Amino acid sequence: MMRPGAQQYVVARPLYSEESFVEEHEKVYRHRKTMLDHVKQYFTCDAKRAKNAALSLLPVIGWLRIYRIKEWLLSDIVSGVSTGLVAVLQGLAYCLLASLPPWYGLFSAFFPVIIYFFLGTSRHISVGPFPVLCLMIGSVVTRLVPDEGPAANITGFEGLTRDEQRVLVASSVTFLAGIMQLAMGVLQVGFVVMYLSDTLVSGFTTAAAVHILVSQLKFVLGLVVPGISGPLALIYTLEIIFNKITSSNVCDIVISLVIMVVVFIVKELNDRFKSKLPVPIPIEVIMTVIVCGVSYAFDFRTRYGIDVVGHIPKGYEPPVAPNLHIFQETAVEAFPMAIVGFAVAFSVAKVYSVKHDYTIDGNQELIAFGVSNIFGASFKSFAASTALSRSAVQESTGGKTQIAGLLSAIMVMIVTLAIGFLLDPLPKSVLGAVVIVNLKGMLMQFREIPYLWKKDKPDCVVWLGTCIASILLGLDLGLAVGLGVELISVVLRVQFPRCSVLANIKGTEIYKDRKDYSDIYEPEGVKIFRIPSPIFFANIEFFRSKLVEAVGFNPLRVLRKRNKALRMIRKLLKKGDLQWTSKGFLNTSFQPIKESEDESNMEELDQPTDFKDLPVRIDWNGELPANIVVPRVDLHSLVLDFAAVSFLDISALKGLKMALRELIRVEVEVYIVACDPYILEKLHDCSFFDDEVRPSMFFLTLHDAMLHILEKHPESTEKKFDNGKIITTVTVHHPGGNLRSRDRNAETRF
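Residues numbered from 1 in each chain as written. Predicted model: local features only at pLDDT ≥ 70, side-chain atom pairs only at ≥ 80, totals over all residues. Heavy atoms only, no water.

**Q** Residue-level account of the overall build of the chain, with values.
**A** Assigned secondary structure in the chain consists of 29 helices and 13 strands. Relative to the globule expectation of 27 Å for 750 residues, the C-alpha radius of gyration of the chain, 37 Å, shows a markedly less compact shape. Judged by the C-alpha coordinates and their principal axes, the chain covers about 120 × 60 × 55 Å. Burial status across the chain gives 48% buried among its 750 residues. Partitioning the intrachain contacts of the chain with sequence separation of at least 6 by distance along the chain shows that 78% fall at a separation of at least 24. Computing the positive centroid from 76 side-chain charges and the negative centroid from 74, the chain places the two 3 Å apart. (Helix = DSSP H or I, 4+ residues; strand = E, 2+ residues; numbered from the N terminus. Rg over C-alpha atoms; globule rule 2.2 N^0.38 Å. Buried < 20%, exposed > 50% of the residue type's maximum accessible area, 1.4 Å probe, protein only. Contact = heavy atoms within 4.5 Å. Lys, Arg positive; Asp, Glu negative; His and termini not counted. Charge placed at Lys NZ, Arg CZ, Asp CG, Glu CD.)

Written as structure tokens, this is what we have:
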């Protein structure tokens, strides 16, 4: 029943099959470019394209031209100073995750930022050390240069101290990751990051947060714990920590707890009152300065045996070439580093680009990070990405462009060149505490599990699989396992889609799943089957089995039964045991007729039924002679809704054609509706159609096909319903005639 005041529309148009629609409406011919055309276009160069290429390779030119000095410069200065202070502290802290001397973190907060200023397309992310990447680098470093025992047998390690060997490993693997990022950017394959879903990244970063937390416990507790890499490294590290926990340094524990509590509280206040505060309170920097002063005044290192940052050399070290032997040893680990570093940075950049209404280019971001890492690795920095908290500081303090990032790099440079010595007495436990507090956002992602389980169980499995595998097997193998689980979940969803049988919603042209609604109409002898996914080699058999389940019979089995019955009828007619009379077939044999068990010529049983040498066409739903029994088929029309089918492969074409033939040979009319033009074109190109499977079975819409079926089989509308008749008016336009309106007094009016 129509709602009072509801809007409605009435359409009078012809009933269209795909063929009739094409005949009546001229289609615009579109020239489709060949692969050669695309290659020619790619290598064609003119002044405009050269200008666009220069602007795309140097995005700084684009936003510098529109830079508003009076409106933006002060904000960028404030943001740059604030971000620079945080970058100094995080550079020192995150460097511990990479198992390197702390001051090398300052290099990673400087060199990549300079390159990204010129090549990056995001105006708001803060480039530099990222804890997950630092941890992945640390696992490679400790594998090749362990805390205990000899280093790996690598050419170039001779004459180097352990720290120098580790720096060489970190810079070389960073250089290799940068080459991979640059290659992917040049080859325009930035789309690969799309395979890392938000769910997978969430599970991966949560596992990384767990790894980071455990790795910082040794600094917080003041313990000496050797670095361990490989599967179950987390378990072995915890085992060592628990065995040594009685040797913890109480002073380190007290300092760490105080730092974590104060920083946590002030960060919460920053979040709560961010609209009222001009800039967030840089509590990490404040606490670092205070603890540095107290540590120097009371000589914590000598008096309490606290491990401190120690001497920070002034200036920058000369550039070094990467070690090719290390390339060979770390290629497997470098690729996930390249992907993870780019994926995280691109995700954060995308959030800020949407918020501030500008576009970012994924391929250019790959080039920017690739060159940044190559350049930085030459000066002994390690892989850079973006830290979420640091980027949030840069954006929330008013940063408008990467000038804020450049100023933050200058702040880091000042510390490196002039005042780094002031950080000598800083306890490492302070850096560990700062790292742990900044893990809050990643660790809180555990709260997503109940939500994902309720809303999307396959996504929840991906999250749990990625997280558990990354915790137990390590971040590199865990990422691979997570990708595998994710791809399997996608394949399973496409391979086993939720097929459904549709029915008409009474009084409308709308068709929905018959299980979801009660006020529906289903014409007798008609089935509407919908598959909501592409059909390809992996799900064609599933499609056919679901189709058999929907129609209620196996058409191939019915066809074979009918051909066996015809074979027996011919045999009985030849022997004289069966005769044709005006009243039908007459059984003249007084002996019981047994069904033939002859299974020879099985290929003939799969052919269309042939009545040419019989006196009459057999009514398979009527009474058959000689007590022959053939499965009854009450279905006369089947409609396949292809609205959600986006492509078919060759295997699917063969399977679909076989299924259609089997149905047509048991006298079921098949109609395919809402088929994508690309699929129709492919069917024609692949010689899909023949004398049995014809283009005329394709209709423009589901309702067009149903109206055609009801006109062809008016007996389908004679089924009675307990709730009375529904009378609707169907306006049908017949070519060459006038519009005529039919009132069909049946339960099924569309």
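**Q** Before we move on, can you summarise the nonpolar core with the specific residues and values?
**A** The tendency in soluble globular proteins is for nonpolar side chains to be buried as a group. Counting 114 residues, the largest nonpolar core has Ile125, Val132 and Ile259 as its most contacted members. The element that contributes the greatest number of residues to this core is helix H15 (residues 324-356), accounting for 15 residues. If we skip the residues at most four places from it in the chain, Val132 touches Phe204, Ala208, Ile212, Val340, Met442 and Leu475. Ile540, Phe542, Leu640 and Leu660 belong to the second-largest nonpolar core, a separate cluster that totals 39 residues. (Core = buried A, V, L, I, M, F, W, Y, C linked by side-chain atoms within 4.5 Å.)

**Q** Break down the packing of H15 against helix H17 (residues 388-396) for me, with residues and values.
**A** As a packed pair, H15 and H17 sit with axes 11 Å apart at the nearest point and diverge in direction by 25 degrees. Here H15 lies roughly parallel to H17, going by the angle between them. By crossing handedness, the relation of H15 to H17 is classed as right-handed. Side by side, H15 and H17 meet where Val344, Val348, Tyr352, Lys355 and His356 of the first sit next to Leu388, Ser391, Ala392 and Glu395 of the second. Residues belonging to the contact of H15 with H17 are distributed by class as follows: five nonpolar, two polar and two charged. (Axes fitted to C-alpha atoms, helices over the stretch in contact; angles between N-to-C directions. Parallel < 35°, antiparallel > 145°, perpendicular 65-115°, else oblique. Left-handed = near helix turned anticlockwise from the far one by under 90°. Nonpolar A, V, L, I, M, F, W, Y, C, P; charged D, E, K, R; others polar.)

**Q** Residues and numbers for the packing of aromatic side chains, please.
**A** Going through the model one piece at a time under the given rule, you end up with 26 aromatic pairs. Their ring planes at 25 degrees and their centres at 6.2 Å tell us that Phe175 and Phe327 sit as a pair that is stacked. On the criterion of sequence distance, the pair formed by Phe175 in helix H9 (residues 162-186) and Phe327 in helix H15 is long-range, its members being 152 residues apart. In terms of burial, Phe175 and Phe327 fall into one category: buried. Between the aromatic rings of Phe536 and Phe647, the centroid separation amounts to 6.2 Å while the plane-to-plane angle is 40 degrees, which identifies the pairing as tilted. Here Phe647 lies in the loop between strand E9 (637-641) and helix H27 (650-665) and Phe536 lies in the loop between strand E6 (526-530) and helix H24 (540-551), a separation of 111 residues in the sequence. Ring-pair connections join several aromatic residues into one group, and the members of that group are Trp103, Tyr104, Phe107, Phe110, Phe111, Tyr316, Phe375 and Phe379. The ring centre of Phe688 lies 6.0 Å from the NZ or CZ of Lys657, which sits over that ring. (Phe/Tyr/Trp six-rings, centres within 6.5 Å; stacked < 30°, edge-to-face > 60°. Lys NZ or Arg CZ within 6 Å of the ring centre and 35° of its normal.)

**Q** Quick one: what's the story with the packing of helix H10 (residues 198-221) against helix H23 (residues 475-495), residue by residue and with numbers?
**A** With their axes 10 Å apart at the nearest point, H10 and H23 run at an angle of 155 degrees to one another. Considering the angle they form, H10 stands roughly antiparallel to H23. Note that H10 runs across H23; the crossing there is right-handed. Residues Leu200, Phe204, Ala207, Ala208 and His211 of H10 lie in contact with H23, whose contacting residues are Leu475, Leu479, Gly482, Leu483 and Glu486.

**Q** Describe the pattern of salt bridges, and please don't skip the residues or the numbers.
**A** Inspection of every chain in the model, using the stated rule, returns 25 salt bridges. Among the ionic pairs, Lys440 bridges to Glu268, the shortest N-O distance being 2.3 Å. Of this pair, Lys440 sits in helix H20 (residues 440-443) while Glu268 sits in helix H12 (residues 250-272); the two residues are 172 residues apart in sequence, bridging distant segments of the chain. Taking the relative accessible area as the measure of exposure, Glu268 reaches 30% and is therefore partly exposed. A salt bridge links Glu692 to Arg661; the shortest N-O distance between them is 3.7 Å. (Salt bridge = Lys/Arg side-chain N within 4 Å of Asp/Glu carboxyl O.)

**Q** Talk me through the environment of Phe699; I want residue IDs and the actual numbers.
**A** Mapped onto the secondary structure, Phe699 falls in strand E11 (residues 698-699). Not counting residues within four places of it along the chain, the set of residues in contact with Phe699 comprises Leu15, Tyr16, Ser17, Glu18, Tyr671, Ile672, Val673, Ala674, Asp704, Ala705 and His708.

**Q** Could you give an account of the side chain of Gln402, naming the residues involved and the relevant values?
**A** With respect to the helices, strands and loops of the structure, Gln402 is situated in the loop between H17 and helix H18 (403-419). The buried category is assigned to Gln402, whose relative accessible area is 2%. Polar contacts involving the side chain of Gln402 include one to the main-chain carbonyl oxygen of Ser122, which spans 3.1 Å. Not counting chain neighbours up to four residues away, the residues in contact with Gln402 comprise Trp63, Tyr116, Phe117, Ser122, Arg123, His124, Ile125 and Gln394. (Polar contact = N/O pair within 3.5 Å; in protein donor to acceptor, adjacent residues only side chain to side chain.)

**Q** Could you give me a rundown of the confidence of the model for the chain, with the residues and numbers involved?
**A** Looking at the chain, pLDDT values average 85 and 92% of them are 70 or higher. Looking at the elements of the chain, mean pLDDT is at its lowest for strand E13 (residues 739-743), recorded as 38, and at its highest for E9, recorded as 96. Confidence drops under pLDDT 50 across residues 720-750; counting only partners more than four residues distant or on other chains, this segment forms 70 contacts. (pLDDT = per-residue confidence, 0-100.)

**Q** Can you break down unusual backbone geometry residue by residue, with the values?
**A** For Asp299, which is not a glycine, the phi torsion comes out positive at approximately 50 degrees. By the secondary structure assignment, Asp299 is in the loop between helix H13 (283-298) and helix H14 (300-304).

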